[in-house]
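Chain residues, written in single-letter form:
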Amino acid sequence: MNTAHTALPTLFLSAQDVATLVHRLGLPAALDRMAGTIHADYLRWQAFDKCARVASHSADGVIELMPIADGSTYAFKYVNGHPKNTQSGLPTVMAFGVLADVATGVPELLSELTLTTALRTAAMSVVAARALARPNSRRMALIGNGAQSEFQALAFHHLMGISEIRLYDTDAAATRKLMANLAGQPGLRLVPCESIAQAVRGADIVTTVTADKTNATILTPGMIEPGMHINGVGGDCPGKTELHPDVLRQASVFVEYEPQTRIEGDLQHLPADFPVTELWQVLAGETAGRTSAAQVTLFDSVGFALEDYSALRFLREAARELGLGQALPLIPALANPKDLFALLRAGAPALALAA
């Protein structure tokens, strides 16, 4: 009698697997497919069981869980935000995520999401800007040139035709790093600037993606010009903001999931009745986005679990296409599902993957 125990295979994607996936697809195609997946899932907004993320804050950072589910698939992301980590040689953001079958609870995919979060955040910025920025926008200011910046720059260049990006960071070395990484990109002009005001002057789109866990004032009202679209990406937890409150007051403000953004976004500075529009309503055609060339639009982006659901869904599909990842024996399949103790009996064989 064969008494070997088998394990239900969970597809595992490492950071190297995801990097290989992006390399084989090509970064523009990977960003485009991720943006398309996010857009499609936002059109299914009502199908999802949604909640704000669960956050555990400390003096140095935050650790968060971001769950979401529809009728067939459950997803969550574990992610941190520790701005001081780079001083110890660690990334500011580290993440992993799971896709599971709602009917059985079986985890079908376990994936890194550190690299993927940067990709999906940039893709989400483009999804919003396509709906809210002026058509034919060509010049962008990118304030904050850290780990997320190259992804934002390339997403806007490849997916929206941005041809000039004006750069500013308080750390000049970060700007030099970005320029070195993106040197030689055809059709993309990178302009280092000496101040935020210089960078945003004349920009069609302004993207702020700073990391400090403080109530900062990156953009002030006097910097805002008619017709600008602002992606406020860096303000994403209580006490961590980037925009002067009057910048929001002079703009039409759009958010991912209002209950979460009122806690975490730049919106946290404003009264609970300050009007905002959830982006899914614009994407679905239920309400207007930009209504005039002079209108200032602002996407108060904090990162929402639906985007990670979409990113994981894209990764699973692309990994299957490309034959990437490995089967991980995370969950045992028992001969008798009621006899979990069988795994501990003396001489129990090593787990083998189920076919």
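Residues numbered from 1 in each chain as written. Predicted model: local features only at pLDDT ≥ 70, side-chain atom pairs only at ≥ 80, totals over all residues. Heavy atoms only, no water.

Draft legend 1. Quick peek at the overall build of the protein chain. Counting its regular elements, the protein chain contains 10 helices and 18 strands. Rg of the C-alpha trace for the protein chain: 22 Å, near the compact-globule value of 20 Å for 355 residues, within the 12% margin. With respect to the principal axes defined by its C-alpha atoms, the protein chain has extents near 80 × 45 × 40 Å. Taking all 355 residues of the protein chain together, the buried fraction comes to 50%. Across the protein chain, contacts joining residues at least 24 apart in sequence account for 73% of those joining residues at least 6 apart. For the protein chain, the accessible area works out to roughly 15,300 Å², and carbon and sulfur atoms hold 56% of it. (Helix = DSSP H or I, 4+ residues; strand = E, 2+ residues; numbered from the N terminus. Rg over C-alpha atoms; globule rule 2.2 N^0.38 Å. Buried < 20%, exposed > 50% of the residue type's maximum accessible area, 1.4 Å probe, protein only. Contact = heavy atoms within 4.5 Å. Areas by Shrake-Rupley, 256 points an atom, 1.4 Å probe, with all protein chains shown as cover.)

Draft legend 2. Structural view of helix 4 (residues 149–160). With 12 residues, helix 4 extends 16 Å from end C-alpha to end C-alpha; this agrees with the ideal 16 Å at 1.5 Å per step. For helix 4, the buried fraction is high: 10 of the 12 residues fall into the buried class. Of all the positions in helix 4, only S149, E150, Q152, A153, L154, A155, F156, H157, L159 and M160 are classed as buried. Two residues or fewer after helix 4 comes G161, characterised by a positive phi angle close to 75°. (Expected span 1.5 Å × (residues − 1).)

Draft legend 3. Main features of the packing of aromatic side chains. Enumeration over the complete set of coordinates arrives at nine aromatic pairs. Measuring from centroid to centroid gives 5.5 Å for Y42 and W45, while their planes differ by 25°, and the two rings are stacked. When its relative accessible area of 3% is taken as the criterion, W45 is described as buried. Centre to centre, the rings of W45 and W280 are 6.0 Å apart; their planes meet at 10°, and the pair counts as stacked. Taken as a pair, W45 in the loop between helix 2 (27–42) and strand 2 (54–57) and W280 in helix 9 (residues 279–283) lie far apart in primary sequence, 235 residues in all. Through a chain of ring-to-ring contacts, three or more aromatic side chains come together here, namely Y42, W45, Y257, W280 and F304. (Phe/Tyr/Trp six-rings, centres within 6.5 Å; stacked < 30°, edge-to-face > 60°.)

Draft legend 4. Structural detail: unusual backbone geometry. Here the phi dihedral of N136 falls at roughly 65°; this positive angle occurs in a residue that is not glycine. Locating N136 in the fold gives a position in the loop between helix 3 (114–132) and strand 7 (139–143).

Draft legend 5. Here's a closer look at the side chain of D41. Of note, D41 is situated in helix 2. Under the relative-accessibility criterion, D41 is labelled buried at 1%. When near neighbours in sequence (up to four residues on either side) are disregarded, D41 contacts F48, L306, Y309, S310 and R313.

Draft legend 6. Broad picture of the nonpolar core. Core analysis: the largest hydrophobic core is formed by 68 residues, its most contacted members being L21, Y42 and I165. Considering every element that reaches this core, the biggest residue donor is helix 10 (residues 305–322), with 10 residues. Grouped together as the second largest cluster of nonpolar side chains are 28 residues, A141, A199, A203 and L267 included. (Core = buried A, V, L, I, M, F, W, Y, C linked by side-chain atoms within 4.5 Å.)

Draft legend 7. Region of interest: the packing of helix 2 against helix 3. Packing of helix 2 against helix 3 leaves a shortest axis separation of 9 Å and a crossing angle of 65°. Read as a crossing pair, helix 2 and helix 3 show a hand that is right-handed. Between helix 2, through L27, L31, D32, M34, A35, I38, H39 and Y42, and helix 3, the contact on the second element is made entirely by T116, L119, R120, A123, M124, V127 and R130. Residues of the contact of helix 2 with helix 3, tallied by class, amount to 10 nonpolar, two polar and three charged. (Axes fitted to C-alpha atoms, helices over the stretch in contact; angles between N-to-C directions. Left-handed = near helix turned anticlockwise from the far one by under 90°. Nonpolar A, V, L, I, M, F, W, Y, C, P; charged D, E, K, R; others polar.)

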